[in-house]
Amino acid sequence: MLPFTVNIKLSARTLTGALSAQNRGAADWGWQGLIAYGCHSLVLVVDSNTAQTLQVLERHKASVVKVKWAKENYHHNIGSPYSLRLASADATGKIIVWDVATGTARCEIQEHTKPIQDMQWLWNQDASRDLLLAVHPPNYIVLWNADTGTKLWKKSYAENILSFSFDPFDPSHLALLTSEGIVFVSDFSPSKAPASSGKKVYISSPHSSPSHKLVAATGAKKALDKVKILISNEKPSAESVTLNDCLQLSYLPSKRNYMLLLYPREILILDLEVNQTVGVIAIERTGIPFLQVIPCFQRDGLFCLHENGCITLRVRRLNSIIGSPNEEPDPDPVQELIYDLRSQCDAIRVTKTVRPFSMVCCPVNENSAALIVSDGRVMIWELKSTISGRSLRVSNSSVSPLYSPASFCGIPVGAFQNKLPDLSLDNMIAGQGTVAEEQLKNSFLQEVHLKFLLTGLLSGLPLPQFAIRMCPPLTTKNLKQYQALLAVGTSNGSVLVYNLTSGLLHKELSIHSCEVKAIEWVSLTGFLSFATSAPNNLGLVRNELQLVDLPTGRSIAFRGERGNDEPAIEMIKVSHLKQYLAVVFKDKPLEIWDVRTCTVLREMPKNFPVVTALEWSPSHNLKSLRKKQLAAREAMARQTVASDTELISVESSVISLLQEAESKSELSQNISAREHFVFTDTDGQIYYLTVEGNSVKDSARIPPDGNMGSITCIAWKGDTLVLGDVDGNLNFWDLKARVSRGIPTHRGWVRKIRFAPGKGNQKLISLFNDGAEVWDAKEVQMVSSLRSGRNVNFRILDVDWCTSDKVILASDDGCIRVLEMSMKPSCFKMDEQELTEPVWCPYLLVPRASLALKAFLLHQPWNDKYSLDIFHVDYPENENVKKLIQEQLNSLSNDIKKLLLDPEFTVLQRCLLLSRLYGDESELHFWTVAAHYLHNLYQEKVQTAKTTDTIILPEKLVNPLDICYDILCENSYFQKFQLERVNLQEVKRSTYDHTRKCADQLLLLGQTDRAVQLLLETSAENPHYYCDSLKACLVTTVTSSGPSQSTIKLVATNMIANGKLAEGVQLLCLIDKAADACRYLQTYGEWNRAAWLAKVRLNAEECADVLKRWVDHLCSPQINQKSKAILVLLSLGCFTRVAEMLHSMRYFDRAALFVEACLRYDAIEVNEDTNKLIHAIFADYARSLKTLGFKHGSIQFASKAGAAGKDLLNELEQPKQEVTKG
């Protein structure tokens, strides 16, 4: 009969534990909704919603020091689908780019052999999506193509580079944090290395400035006034700065040209226009120092991580500067950026081995943060908002209240409409520009409070040592109740039981008070474990041997009162039928126990030989005992059966029933079968003993084998007995053929040998000090080998079999790996994994399916019915794929489902919600801007219809687009923000240079009176005194008379022609020729400056002209920033041109949805030309849906496309007609 193996489907997996010190900064939360972090040389990928480990990537040979998810700010379609790309870098300088879903490496990059200091994917979306910038120590930055692994360019700098930060508003600007200061690079480009070596500025440490001696007494506000220039172009003297203790540098994504510097005890906010500190968040003397800070994009807020693991959210106080522009600012308000503490989560208990490592924040919604702790825990904290009534306001707090926004998903909503305020940070709290004094009188703003809630916790294995034991194998008898459980004994005395089907912790049992040495299962639901305390002066210990019942968690001392002050237990072995237990001691004879009754059967006499290895024989007489018992019953069964023809079938069924009854009654009736065990003594002699009932008989002795050293372990299965010795020899005995073969492995002491489960399966695993080997005992051949230091960089502590073809290795890097028999590290495909909770991650679907799912959710209702059942629509796709899509739909939260099924939830809101659900950065920005300006247009139309009612505030002022969108904001709000900024700069100025910069800005902003005051402040000793005085005279006397205007214009143009662009532009602004100034700026390539000036000085029409010229420039092939151009056009209200551009760029889905939204808001004038465009867009979108196989949607859009979609519609509906004919 052929041997067969019973195998339960278990995927290879890795259970991870504590992190290594080098993993500290290796964590990232991607737009895809997944968190990746390094654990020793592994990269773990965790779902942020359900806190489940989805993937463990193993290929690095050294500790992972950085991980970064690829950006999602590009248009996704079938050619460039949603995919999970991740870059990870290790301590030997290797970077691996992964396809996370399949667990395969796309490419490997190596330049030097030192740890990568920092890396970032390029965010500029129209450039290639595969570019990765990395800092290779000590002083190189290298740009890689992460798809092919080719180096595009390399640049070295004078100092050691610690980290870098891209300017989120300008892809050509980059700041490097070096060991001495900051280097600003302003000519960064993907095509070639920066030509200049950047502008170097030095940071004087905040502690060296006199202010910090005063902090304790006067607090942070006074300290701020004392912190003057922190950034200077001169190198500070050696006494003033010992070392740059700046922990982090980062641009603020919420507003242009601001940067934060993080120190252990304060965060400094710098205004880069004047290189000056404009805000300090200082910690009081008793406070907990900072470790890390993440600035937000949607609102001007900061997530801060402290050394005690506490995460705090600080939000900028609104309108700290109020005052009319041309007047002296009011001296009363505090003139600085103040960030108020709004929420904080609980701290963790910090010990020597447990400390916070890093924090990551959700980039899509910015409303949750995850803390990665050194012991392997991941804690996911989510912000929740609660609306409080005005009456509840606490009057004593100086903190201004936060208000909830009036809109949800970009559109203002009524009080009774469905909304989900906790969806994202900008849906929780209103923006900077929303709250103006006149509105505070209105009562429709609701005050909101934020708090952190722990919504996910993932914990790792404790620190090694480990003792592992898999539960008894799966058989035909235990098929129904079998669970693949692994017991892990730990160094702190607890036993963790993992379910290997899901990889989750099943139970944690605190059983012992010291390190667990070994575990033996006595049934599928119970095990024995033993631990020994440290020896006393006499070398005696306390032995703890516990019998644990898993379902109840009850644990009893197996040896009763015994165990105190005796020699240490060396090993425990349970017999094959789980009847008997052999307990081997160090300097004390063996004990044989009955497992079922917890009684000792025999304590061996004092002269009993010292046991070095012991194993129970698989042979026993249970079958013959059962046969005797069954004989009588079978006879009875025969009498009851009438005819002989039925005999065979009935007899076999009766016998099987009786066998089952017998096996169940076995324990209750205490049938004691005869079992045997062998052991070896120190001389290598083998003893064979028999245990039956309570008698133990010595049966035979076999003399030692001369080729073997002292025997350390024995394994026995079927007719094969394998012995291992201290010298690494393996001796295979075939008991049937009575032959033995000795094989030297030359690997030293054989610590353990275990046979694999499964009938006829003769594979075994042997553990050595330097690794493990799998052998086939039948062929006496090695199957695979693993050696520490050669194949892997960890040491193996313990081994076992998981199933007949998978092994389990516990290693000193704190991980337990379930591997194939080859013992090669492998990543699994994510879709093969069994998850206990469904995970929303459309990135895991095949590209066609993820895009079809998106279309299904976007174009609700189908057949006038809102539904989340994919089988409800005509979608001729493979059933398995449809099932996977349906699983994704089912995994959505109830709140999201409610929104998606709400008929009042508009197309624009749906697009915004789906861009968040898909983590699609490019769509999120597009739809945010589109929703804002489309809705504004609608509001204006409504108001022009109500011309009689003039009191209504224009909606633009009430709810402007937040300043994080910079140039895309409304002009009025943009001007207001720039004035506030320059006022703050003015208060903070400390040198002549700063004063001059402020005066220049004020002149450009048209604030002439204030500029003159600053110009007149120049002291007589200053070389610029004369020049500034004349300039002040000029500014005050400029009249609109013809001659003076023409003279100034002539001078200005001459200045510009001779390289003094800024001065010429200033003169043009003085005579209200800002439009000409913008044109000159654009001619000289200062596009951003021109856009800025147009927004602060020109009327709507002139401003639109300047911005449209900028759009043409952005669309040019050498610049190729069409996506940015589209956003600028949206802000100008050129909706038809946006639709044309989207269509020409082949963004058919976005174009079709945008056109639908425009038609709903009457934003596109319907005439022959636009109709042609609309039809073309709908027809192309219908074709793209057809390629996805999404027939229902394709028909819907083809029918809207008029003549353009006619052929397609016929083609799609043809099969239907054929079917009806048939």
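From a predicted model like this one, the values you see are computed outputs, not experimental measurements.

Cut-offs used in this document
- Here the residue numbers are simple positions, counted from 1 along each chain's written sequence.
- Selection of residues for local features in this predicted model requires a pLDDT of at least 70, selection of side-chain atom pairs for listing and counting requires 80 or more, and totals for whole chains, interfaces and linings are taken over all residues.
- Derived side-chain values reflect all non-hydrogen atoms in the structure, with water molecules and hydrogen atoms excluded from consideration.
- Working definition: rings of Phe, Tyr and Trp (its six-membered ring) pair if their centres are within 6.5 Å, and the pair is stacked with planes under 30 degrees apart, edge-to-face with planes over 60 apart, and tilted otherwise.
- Numbering of helices and strands runs from the N terminus; a helix is a DSSP stretch of H or I covering at least four residues, while a strand is a stretch of E covering at least two.
- Buried means the residue's accessible area, taken with a 1.4 Å probe over protein chains only, is under 20% of the maximum for its type, while exposed means over 50%, and partly exposed covers the values in between.
- A positively charged side chain is recorded as over a ring if its NZ (Lys) or CZ (Arg) lies within 6 Å of the ring centre. The angle to the ring normal must also be within 35 degrees.
- Confidence scores per residue from the predictor, reported as pLDDT, run from 0 to 100.
- What makes two residues a contact is simply this: any of their non-hydrogen atoms within 4.5 Å.
- Note on pairing: DSSP must find at least two bridges between two strands before they are called paired.
- Geometry is summarised by axes, namely lines fitted to C-alpha atoms with helices restricted to the contacting stretch, and by angles between N-to-C directions that run from 0 to 180 degrees.
- By nonpolar core we mean a set of buried residues, namely Ala, Val, Leu, Ile, Met, Phe, Trp, Tyr and Cys, connected to one another through side-chain atoms within 4.5 Å.

### With respect to the packing of aromatic side chains
Moving on, step 1. Taken as a whole, this structure holds 27 aromatic pairs when the rule is applied.
Moving on, step 2. Judged by centre distance (5.1 Å) and plane angle (75 degrees), the rings of Phe166 and Phe188 are edge-to-face. You can see Phe166 sitting in strand β14 (residues 161–166) and its partner Phe188 sitting in the loop between β16 (181–185) and β17 (199–203), a full 22 residues away along the chain.
Moving on, step 3. Pairing Phe408 with Phe905 gives two aromatic rings, centres 6.3 Å apart and planes at 40 degrees, and the pair type is tilted. Placement of Phe408 in strand β31 (residues 407–408) and of Phe905 in the loop between α8 (894–900) and α9 (907–917) is noted, with a sequence separation of 497 residues between them. Taken individually, Phe408 and Phe905 each receive the classification buried, so the pair is uniform in this respect.
Moving on, step 4. The cationic tip of Lys154 hangs over the ring face of Tyr140; the distance from NZ or CZ to the ring centre is 4.2 Å.

### Some words on the confidence of the model for the chain
Moving on, step 1. Chain-level statistics for the chain give a pLDDT mean of 86 and a share of 87% at 70 or above.
Moving on, step 2. In the model, residues 391–396 has pLDDT below 50 throughout and makes three contacts with residues more than four positions away in sequence or in other chains.
Moving on, step 3. In this model, residues 642–648 is a region of pLDDT below 50 whose contacts with residues beyond four sequence positions or in other chains number three contacts.

### Describing the sheet that holds strand β46 (residues 613–620)
Moving on, step 1. Pairing in this open sheet of four strands is antiparallel, and the strands run β46-β47-β48-β49 from one edge to the other. Strand pairing shows two members of the sheet lacking a second neighbour, β46 and β49 (695–702), which therefore form its edges. Between one strand and the next, the sheet's axes are offset by a mean angle of 25 degrees, whatever the strand orientation.
Moving on, step 2. Taken together, the six bridges between strand β47 (residues 675–680) and strand β48 (residues 686–692) define a ladder with antiparallel strand orientation. Paired with His676 across the bridge in β48 is Thr690.

### Things to note about the environment of Ile182
Moving on, step 1. Along the chain, Ile182 falls in strand β16.
Moving on, step 2. Here Ile182 falls in the buried class, since its relative accessible area comes to 0%.
Moving on, step 3. Sequence separation between Ile182 and Leu249 is 67 residues, and the spatial gap between their C-alpha atoms is 8.8 Å.

### What about the sheet that holds strand β19 (residues 248–251)?
Moving on, step 1. What the four strands build is an open sheet, ordered β19-β20-β21-β22; its pairing is antiparallel. The outermost strands of the open sheet, each flanked by one partner alone, are β19 and β22 (276–282). Pairwise comparison of adjacent strand axes, ignoring direction, gives a mean angle of 20 degrees for this sheet.
Moving on, step 2. Pairing between strand β21 (residues 266–271) and β22: six bridges, direction antiparallel. In the sheet register, Leu270 faces β22, and the bridge partner there is Thr277.

### Some remarks on the nonpolar core
Moving on, step 1. Judged by nonpolar contacts, the single largest core of 199 residues is most densely connected at Ile267, Phe926, Leu1093 and Phe1154.
Moving on, step 2. Leave out the neighbours within four places in its chain, and Leu1093 touches Leu1004, Val1065, Cys1069, Ala1074, Ala1077, Cys1078, Leu1081 and Leu1098.
Moving on, step 3. In terms of nonpolar packing, the next biggest core, distinct from the first, is built from 34 residues, Ile468, Val488, Leu524 and Val818 among them.

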